Amino acid sequence: MDTPDIAENIRRIRDRIANAAIAAGRQPDAVTLVAVSKTKPQDAVLAALAAGQTVFGENRVQEAETKFPPLRAAHSFNLHIIGGLQTNKARDAVRVADVIETLDRPRLADALAAAMQKEGRRPKLLIEVNTGSEPQKSGVSRDDADGFIGDCKGRFGDLLAGLMCVPPHGEDPRPHFDWLANRAAKHGLATLSMGMSADFEIAIAAGATWVRVGSAIFGSR
Ligand SMILES: *Cc1c(COP(=O)(O)O)cnc(C)c1O
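Residues numbered from 1 in each chain as written. Predicted model: local features only at pLDDT ≥ 70, side-chain atom pairs only at ≥ 80, totals over all residues. Heavy atoms only, no water.

A. Quick peek at the site of the ligand. Close to the ligand lie 13 residues; Lys-38, Ser-197, Gly-214, Ser-215 and Arg-221 are nearest. At 3.1 Å from an oxygen atom of the ligand is found a side-chain nitrogen or oxygen belonging to Asn-59. In the model, an oxygen atom of the ligand is placed 2.8 Å from a nitrogen or oxygen of the Ser-215 main chain. Burial of the ligand by the surrounding chains reaches 89%, relative to a free accessible area of 380 Å². Each residue belonging to the shell around the ligand can be placed in one class, and the counts come to 6 nonpolar, 4 polar and 3 charged. (Near = heavy atom within 4 Å. Polar contact = N/O pair within 3.5 Å; in protein donor to acceptor, adjacent residues only side chain to side chain. Areas by Shrake-Rupley, 256 points an atom, 1.4 Å probe, with all protein chains shown as cover. Nonpolar A, V, L, I, M, F, W, Y, C, P; charged D, E, K, R; others polar.)

B. How the structure looks around helix α2 (residues 42-50). Every buried residue belonging to α2 is among Ala-44, Val-45, Ala-48 and Leu-49, and all of these are buried. Each buried residue of α2 sits inside an arc of 140 degrees when the element is viewed along its axis, so together they form one side. Seen from the buried face of α2, the exposed residues on the opposite side, beyond 90 degrees, are Asp-43 and Ala-50. Each element contacted by the buried residues of α2 is listed here: α1 (6-23), β2 (55-58), α3 (61-67) and α9 (215-218). Of the residues trailing α2, Gly-52 is marked for its positive phi of about 90 degrees. (Buried < 20%, exposed > 50% of the residue type's maximum accessible area, 1.4 Å probe, protein only. Helix = DSSP H or I, 4+ residues; strand = E, 2+ residues; numbered from the N terminus. Arc of directions from axis to C-beta. Contact = heavy atoms within 4.5 Å.)

C. Representation of unusual backbone geometry. In this model, Thr-39 sits at a positive phi of 70 degrees, which is unusual for a non-glycine residue. The exposure class assigned to Thr-39 is exposed, which follows from its relative accessible area of 54%. Residue Ser-133 is not a glycine yet carries a positive backbone phi of 50 degrees. With respect to the secondary-structure elements, Ser-133 resides in the loop between β5 (124-128) and α6 (142-156).

D. Highlighting the pairing of β5. Counting buried residues in β5 gives 4 out of 5 residues, a clear majority hidden from the surface. Sheet topology note: the strand β4 (residues 99-103)/β5 ladder contains 3 bridges and is parallel. Directly across from Ile-100, in β5, lies its bridge partner Leu-125. Viewed along the sheet, the connection from β4 through helix α5 (residues 106-119) into β5 turns out right-handed. Taken together, the 4 bridges between β5 and strand β6 (residues 160-164) define a ladder with parallel strand orientation. (Pairing = 2+ DSSP bridges. Right-handed = clockwise from strand over helix to strand, strands pointing away.)

E. Summary view of the packing of α6 against helix α7 (residues 174-186). Where α6 contacts α7, the two axes come as close as 11 Å, and the packing angle between them is 25 degrees. The angle between α6 and α7 places the two elements in the roughly parallel class. As for how α6 packs across α7, the hand of that crossing is right-handed. On α7, the residues touching Arg-142, Ala-145 and Asp-146 of α6 are His-176, Trp-179, Arg-183 and Lys-186. Residue composition of the contact of α6 with α7, grouped by class: 2 nonpolar, 1 polar and 4 charged. (Axes fitted to C-alpha atoms, helices over the stretch in contact; angles between N-to-C directions. Parallel < 35°, antiparallel > 145°, perpendicular 65-115°, else oblique. Left-handed = near helix turned anticlockwise from the far one by under 90°.)

F. Just the pairing of β2, in detail. By the alternation rule, side chains of β2 split into Val-55 and Gly-57 and Phe-56 and Glu-58, which are all buried. The pairing of strand β1 (residues 32-36) with β2 spans 2 bridges and is parallel. Its bridge partner being in β2, Ala-35 is matched across the sheet by Phe-56. A crossover connection joins β1 to the parallel β2 through α2; in handedness this β-α-β unit is right-handed. Between the parallel pair β2 and strand β3 (residues 78-81), the chain is carried across by α3, and the sense of this crossover is right-handed.

Shown next, in the form of structure tokens:
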């Protein structure tokens, strides 16, 4: 496989993000690019950092722990955990992450709250919604979303920044993005993490404020 030109890919994605925002009547800088570096080596992250990228996403806490903490001394960046989180990984996640995008159940909320107390770190939180009701996917169900969002707002206050979803593969993502945007507005949540390499422009048209792009930057996995 060819080595991807990470800096060039980032430039291209940034242009497409700005253009999609403008086309949607939004500010060109309204959308933050989260560069998803899962399965890619630390060198790939370093190349992205050199290209000015400062926000990264990783699925697995353990992989994030080997790749990112050693970089903190020399670089400043925000690391997002974007994969389903086991309760027994909550403390590690709170230690390594600046944002956890996948809060999806009361027991995980308990574990994260306890971990924040112990670690003295308070990453921002997003609630993941399983908008397609897929059994293998993490995320609170549509039916339970309103109640869970309300509980987490009460418990975490402003730390709860918004909502995240991963629509079912191969389906039109639009209705999923629209549903999530509607819920965020209803609850007064400003951050909407939705859209990946294949559909981030559609997500931006629907109101995404964060897009999570992996393969279009770092190459296929
Ligand atoms: C892997 C992943 C992405 C990035 O997917 P690409 O199609 O490579 O852009 C975004 N969000 C989540 C939750 C992921 O697991």
